[in-house]
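Here is how the chains run, residue by residue.
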Amino acid sequence: MFIKVKRGWEIPESLATPEHVFFNRRKFLTTGAAIGAMTILSACDQKQEAQAQAEASAAPDPSASLYPFKRNETYTLDRDITDEQWAATYNNYYEFSSGKRLVDEAQALPIRPWTLTIDGLVAKPMQIGIDDLMKKMPLEERLYRHRCVETWSMAVPWSGFALKELVKLAEPKAEAKYLRLETFMNPEVAGEQKSPFYPWPYIEGLTVEEAMNDLAFMVTGMYGKPAPKQNGAPLRIALPWKYGFKSGKALVKITFTDERPVNFWQALQSSEYGFWANVNPEVPHPRWSQATERMLGNDEPRPTLLYNGYADFVAPLYANLQGEKLFM
Ligand SMILES: Nc1nc2c(c(=O)[nH]1)N[C@H]1C(S)=C(S)[C@@H](COP(=O)(O)O)O[C@H]1N2
Ligand SMILES: [Mo]
């Protein structure tokens, strides 16, 4: 599925053009020439750039040989793993589409080079390339449930590393209370980011305490391979006790802050989407019940579980927060 085979004619123009012609044209461009010729040539240059961008977005993933990661058996499922075809083709990714079928659109995102910035209230702010980061982190596979606020759900073998390892690397200061997670901003490849209706870029957030919980997981892959772009490559988060919108995709920045971040969906519609968004079958969304869910690929309704079945791991986090809207 979705294997991009490089065809013979898909090579940069610099290679397809005989060298002397290429370099002469460059020289011609830099020394300046008749305006008319310039226009034609810069159109050529644009084409070259577009081609280079297409190349970058189709480049093979250099982390592919690291997979599969060893499974951490702590995390077990009460249901079958969702068919990969479903998990990888039925997606939410508003940067590319407000529909679910956005695999083709998402392929436009270049995922190398990819730099993660860690800043804010930390002793060790840094900018680190995704492949260097993966070398520093203890890589593992975990089986997690995922529950979208829209009531569909899935069970996925994610590959990645515990968020708390990244937090330790950054060494947050005592004043840091929250992590603010920011997704890429690139309207050239993500067409919906041109729409002024949405508060781009996609922002999500959680408390430092939540980030230090064992369950908080940074995802680089799924089904024993690098994650496909539509699922949030090269780096997303999985917070399986919360509704799916908390799990931001294609993250470029993590800021440690003392201010509670306003997340994308909250900024759009705060009467329906809040900061905590923990799963609770007894707290309905204003427009629909959350009592049951449907697994992708299987339309049978099944009861939704408190904290999506992860209460043993996370309920203590919320023991002293009863005044908060924990479930929206
Ligand atoms: N950047 C970004 N991250 C996002 C979203 C999005 O639209 N943009 N959608 C969220 C929602 S609502 C869900 S349910 C999950 C879906 O992840 P999946 O497509 O891998 O199933 O991604 C979440 N992360
Ligand atoms: Mo979702």
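Residues numbered from 1 in each chain as written. Chains lettered and ligands numbered in written order. Predicted model: local features only at pLDDT ≥ 70, side-chain atom pairs only at ≥ 80, totals over all residues. Heavy atoms only, no water.

J.: Just give me the short version of the pairing of strand β11 (residues 292–295), but keep the residues and values in it.
T.: A one-sided burial pattern is seen for β11, the buried positions being E293 and M295 and the unburied ones T292 and R294. Pairing between strand β4 (residues 152–162) and β11: two bridges, direction parallel. Each residue of the ladder has a partner; that of W152, found in β11, is R294. Pairing between β11 and strand β12 (residues 301–303): three bridges, direction antiparallel. Residue T292 lies in a different strand from β12, and its bridge partner there is P303. Counting the residues in the hairpin turn of β11 and β12 gives five residues, including G297, whose phi is positive at 90°. (Buried < 20%, exposed > 50% of the residue type's maximum accessible area, 1.4 Å probe, protein only. Helix = DSSP H or I, 4+ residues; strand = E, 2+ residues; numbered from the N terminus. Pairing = 2+ DSSP bridges.)

J.: Break down the site of ligand 1 for me, citing the residues and quoting the values.
T.: For ligand 1, the set of nearby residues contains 18 residues, the closest of which are N91, Y94, R236, S247 and K249. At 3.4 Å from an oxygen atom of ligand 1 is found a main-chain nitrogen or oxygen belonging to N92. Between an oxygen atom of ligand 1 and a side-chain N or O atom of R236, the distance comes to 2.6 Å. Relative to its free-state accessible area of 530 Å², ligand 1 is covered by the protein chains to the extent of 99%. (Near = heavy atom within 4 Å. Polar contact = N/O pair within 3.5 Å; in protein donor to acceptor, adjacent residues only side chain to side chain. Areas by Shrake-Rupley, 256 points an atom, 1.4 Å probe, with all protein chains shown as cover.)

J.: Give a detailed account of the side chain of K242, specifying residues and quantitative values.
T.: Checked against the element boundaries, K242 lands in the loop between β9 (236–238) and β10 (251–257). A residue is classified by how much of its surface remains accessible, and K242, at 1% relative accessible area, is buried. Here the side chain of K242 touches E210 through a polar contact of 2.8 Å, side chain to side chain. For K242, the side chain forms a polar contact with the side chain of N278, separated by 3.1 Å. Each residue touching K242, except ones within four places of it in the same chain, is listed here: R147, E210, W276, A277, N278, V279 and Y318. (Contact = heavy atoms within 4.5 Å.)

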